[in-house]
Amino acid sequence: MWSRNQKTLNSEVSFSGIGLHSGENVDVTLVPANSNSGITFKRTDLEKNNEIIANFKNVSSARLCTKIENNFGVNVSTVEHLMAAFYICGVDNIVVNLNGPEVPIMDGSAKDFVKIIKNCGLKTLEGRRQFVKIKKKIEFKEDDKSINITPTENGFAVKFTLNYERSPIIKTQTNSVNFKDKSLEDIYAARTFCLYEDIEEIKSVGLAKGGSLDNAVVVQGNKILNEGGLRSKKEFVNHKILDLAGDFMLSGARIIGSVECTHGGHALTNEFLKKIFSDK
């Protein structure tokens, strides 16, 4: 992840799945790309103006997922888990061809994406990887939500605090991780989650059409409705860290710094990235 040279996949690789919010089946092919081309999503179901650059400036919605959109109104949603897999595996340049409006949710985590990338293997490119080193503390607050980043010598560290007072199971969870660690499985295998009582409200606004116990952890009172329960004791907060890593990958660079976030989400992270890169 922290090598000096940029990387892409060894070869093309394809997979399919259902979109969490659209409910549509989508076919995806990851295509290796050259140095300095970055990450591009391409809607192959559309004939023209179908490319969207994966960048925080192109985020058009951050409601329950991260959606990116180009100047022609063409968009792709739920990019965060795949972007997190690119971050964790060290992919810098790739074209994501997909024939629908949403990246498949798979099992609700980035586990399948990481497995696909690792099985395919990476190719080292000639271009040097871009790093952005934080030199001073930057912070952003919105109501009871807050996020800040402080300088560190190397690596990218995240401390996240999640507070779900409505749930006796989730309650308050805090976890810290440095993405230089070799074992990040608890992070990339952490699934998206929701409270049972929120499902109808989410579906009433046209979201979660493809949601099921196969791709999300559902909490009802004192029970986890999924067979087998949780994958780790801190799966809830670990998933929020995964989301944050995926959203930070939209910066287009490897950021060297230490992040601390409380009650955050996609919208807060996106506003924070705008603030970071407004200060040169």
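These figures come from a predicted structure and were not determined experimentally. (Residues numbered from 1 in each chain as written. Predicted model: local features only at pLDDT ≥ 70, side-chain atom pairs only at ≥ 80, totals over all residues. Heavy atoms only, no water.)

Draft legend 1. Spatial organisation of the packing of helix 1 (residues 80-89) against helix 2 (residues 111-120). Remark: helix 1 packs on helix 2, axes separated minimally by 9 Å, with the N-to-C direction vectors making an angle of 45 degrees. Here helix 1 lies oblique to helix 2, going by the angle between them. The crossing of helix 1 and helix 2 is right-handed. Here His 81, Leu 82, Ala 85, Phe 86 and Cys 89 of helix 1 come into contact with helix 2, specifically with Phe 113, Val 114, Ile 117 and Lys 118. Residue composition of the contact of helix 1 with helix 2, by class: seven nonpolar, one polar and one charged. (Axes fitted to C-alpha atoms, helices over the stretch in contact; angles between N-to-C directions. Helix = DSSP H or I, 4+ residues; strand = E, 2+ residues; numbered from the N terminus. Parallel < 35°, antiparallel > 145°, perpendicular 65-115°, else oblique. Left-handed = near helix turned anticlockwise from the far one by under 90°. Contact = heavy atoms within 4.5 Å. Nonpolar A, V, L, I, M, F, W, Y, C, P; charged D, E, K, R; others polar.)

Draft legend 2. A look at the sheet that holds strand 16 (residues 193-195). The strand order across the open sheet formed by three strands is 16-17-18, and the pairing between neighbours is mixed. Edge strands, defined here as strands with exactly one partner in the open sheet, are strand 16 and strand 18 (223-224). By the bridge criterion, two bridges tie strand 17 (residues 217-220) to strand 18 in an arrangement that is antiparallel. Counterpart to Val 219 in the pairing with strand 18 is Ile 224. (Pairing = 2+ DSSP bridges.)

Draft legend 3. Molecular detail of the sheet that holds strand 7 (residues 67-69). Read from one edge of the open sheet, three strands run 6-7-8, paired in antiparallel fashion. Because the sheet does not close on itself, it has two edges, and the strands there are strand 6 (59-61) and strand 8 (75-76). Of the strand pairs in this sheet, strand 7 and strand 8 are connected by two bridges, and their pairing is antiparallel. Bridge pairing in strand 8 places Ile 68 opposite Val 76.

Draft legend 4. Geometry of the pairing of strand 3 (residues 25-32). As defined by bridge partners, strand 2 (residues 13-18) adjoins strand 3 across six bridges and the pair is classed as antiparallel. Note on strand 3: the bridge partner recorded for Ser 14 is Thr 29. Connecting strand 2 to the next strand, strand 3, in antiparallel fashion are six residues, including Gly 23 with a positive phi near 75 degrees. Where strand 3 and strand 9 (residues 94-98) come together, five bridges link them in antiparallel fashion. Directly across from Thr 29, in strand 9, lies its bridge partner Asn 97.

Draft legend 5. Representation of empty space enclosed by the protein in the model. Under the definition given, this model contains one cavity of 30 Å³ or more. Estimates place the volume of the largest cavity at around 40 Å³. Lining the largest cavity, in full, are Phe 160, Lys 240, Asp 243, Leu 244, Asp 247, Gly 264, Gly 265, His 266 and Thr 269. The set of elements that each furnish at least two residues to the lining of the largest cavity consists of helix 5 (235-248) and helix 6 (266-278). The element contributing the most residues to the lining of the largest cavity is helix 5, with four residues. Considered class by class, the residues forming the lining of the largest cavity number two nonpolar, four polar and three charged. (1 Å grid on protein atoms, 1.4 Å probe; cavity = no way out; pocket = protein on both sides within 12 Å on 5 of 7 lines; lining within 4 Å. Points joined across faces, edges and corners; volume = space filled by probe spheres on them.)

Draft legend 6. Spatial organisation of the state of the cysteines. Counting across every chain of the model gives zero disulfides. The structure places no disulfide on Cys 89, whose sulfur is separated from the nearest cysteine sulfur, that of Cys 120, by 11 Å. (Disulfide = S-S within 2.5 Å.)

Draft legend 7. Spotlight on the layout of surface pockets. The volume enclosed by the largest pocket comes to roughly 1,100 Å³. Leu 64, Tyr 164, Phe 193, Ile 202 and Lys 240 are, among the 39 residues lining the largest pocket, the residues nearest its centre. Sorting elements by how many residues they give to the lining of the largest pocket places helix 4 (residues 199-204) first, with four residues. Among the residues forming the lining of the largest pocket, the class breakdown is 17 nonpolar, 12 polar and 10 charged.

Draft legend 8. Inspection of helix 6 at higher detail. Taking 1.5 Å of rise per residue, the 13 residues of helix 6 would be expected to cover 18 Å, and the 19 Å separating its terminal C-alpha atoms lies within 8% of that figure. Every buried residue of helix 6 is listed here: His 266, Leu 268, Thr 269, Asn 270, Phe 272, Leu 273 and Ile 276. Buried residues in helix 6 make contact with strand 6, helix 1, strand 12 (138-142), strand 13 (145-150), helix 5 and strand 19 (254-262). (Expected span 1.5 Å × (residues − 1). Buried < 20%, exposed > 50% of the residue type's maximum accessible area, 1.4 Å probe, protein only.)

Draft legend 9. A look at the packing of aromatic side chains. Evaluated as defined, the whole model comprises nine aromatic pairs. In textbook terms, an aromatic cluster arises when at least three aromatic residues are bridged by ring pairs, as seen for Tyr 87, Phe 156, Phe 179, Phe 248 and Phe 272. The residue whose ring lies beneath Arg 254 is Tyr 87, and the NZ or CZ to ring-centre distance is 4.8 Å. (Phe/Tyr/Trp six-rings, centres within 6.5 Å; stacked < 30°, edge-to-face > 60°. Lys NZ or Arg CZ within 6 Å of the ring centre and 35° of its normal.)

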